[in-house]
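Residue-level structure breakdown
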Amino acid sequence: MGFALLAMTVVNTVEAGFNFEIRTFNGAVAQSNFNLGDTVTVRLFAVDTPGANADFATQNITNFNTRLFASTSDVDPATTPTYNAGFNAGSFTNGTFFGGTGRILSANAGAGGFAATSPLQLAEFTYTVNVVGPTTISFDPNPAISSLGYQTLGAAGPTLSSSPGQLTGATVTAVPEPATIALLGVVAAGFGIRQLRRKKAK
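Report follows, based on the coordinates.

Quick notes on the rules
Residues numbered from 1 in each chain as written. Predicted model: local features only at pLDDT ≥ 70, side-chain atom pairs only at ≥ 80, totals over all residues. Heavy atoms only, no water. Helix = DSSP H or I, 4+ residues; strand = E, 2+ residues; numbered from the N terminus. Buried < 20%, exposed > 50% of the residue type's maximum accessible area, 1.4 Å probe, protein only. Contact = heavy atoms within 4.5 Å. Areas by Shrake-Rupley, 256 points an atom, 1.4 Å probe, with all protein chains shown as cover. Core = buried A, V, L, I, M, F, W, Y, C linked by side-chain atoms within 4.5 Å. Salt bridge = Lys/Arg side-chain N within 4 Å of Asp/Glu carboxyl O. Pairing = 2+ DSSP bridges.

Turning our attention to the overall build of the chain. Looking only at helices and strands, one finds two helices and 15 strands in the chain. In the chain, which comprises 202 residues, the share counted as buried stands at 36%. A sequence separation of at least 24 residues applies to 74% of the contacts in the chain between residues at least 6 apart. When the accessible area of the chain is evaluated, it comes to approximately 10,600 Å², of which 60% is carbon and sulfur surface.

Let us now look at the nonpolar core. Residues Ile61, Phe64, Phe87, Leu122 and Leu148 are the most contacted members of the largest nonpolar core, which totals 39 residues. Secondary structure elements with two or more residues in this core: strand E2 (18-26), strand E5 (39-48), strand E6 (59-70), strand E9 (103-108), strand E10 (120-128), strand E11 (133-139), strand E12 (147-152) and strand E15 (170-175). In terms of residue count, the dominant contributor to this core is E10 (five residues). Those residues in contact with Ile61, other than ones at most four positions away along the chain, are Phe56, Phe87, Ala109, Gly113, Phe114, Ala116, Leu120, Leu148, Gly149 and Tyr150.

This brings us to the pattern of salt bridges. Enumeration over the complete set of coordinates arrives at three salt bridges. Between Arg23 and Glu21 there is a salt bridge whose closest N-O contact spans 2.8 Å. Glu124 is the partner of Arg43 in a salt bridge, and the nearest nitrogen-oxygen pair spans 2.8 Å. Residue Arg43 is located in strand E5, and its partner Glu124 is located in strand E10; the two are separated by 81 residues in the primary sequence. Residue classification places Glu124 among the partly exposed positions, given a relative accessible area of 21%.

With three bridges connecting them, E6 and E11 associate as antiparallel partners. Paired with Phe69 across the strands is Ser138, a residue of E11. In this structure, E11 lies alongside E15, joined through five bridges in antiparallel fashion. Looking at the pairing, Thr135 lines up with Val172 of E15.

Here it is in structure tokens:
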């Protein structure tokens, strides 16, 4: 059955009609700046755009596939992702975001797929901020890696597959907790006062 579905897939990468985007959140709030110890929620979206192929208004979504990388080890290990409820099976391959082969996210909705509106949240996962500074989460630039499967509403024909027109990653910037910054300020002030007293003593 799986082989039959694969054989029916038609790959079309011209005028994709959608983009893949990564967005980061602190709870329900879209955010890119975090404190150490905060939980970052990473959400992956498919965004409908003008184009000849994928059209969320007239087609069902059947599957997606992509691979993500991170610029620091902060994102490893991440939690197991939660997939859009329209998918009935999903996977998150072993491996590492940072310095490794990346992590593949993929899911399948089965025959017929499901109706979607844009932007469509495909999946999400979380990680805890442990590294100060920027961490960039990006897509594998290989167009053969990222794809979205879709099928014309009510049609019994083959599932079509297309690569996104654009891949937009996200950068999370982490700073020390406010209490830590305040403590560093007190230490710095104390050091300055000590230096001033030494100068006066001379």
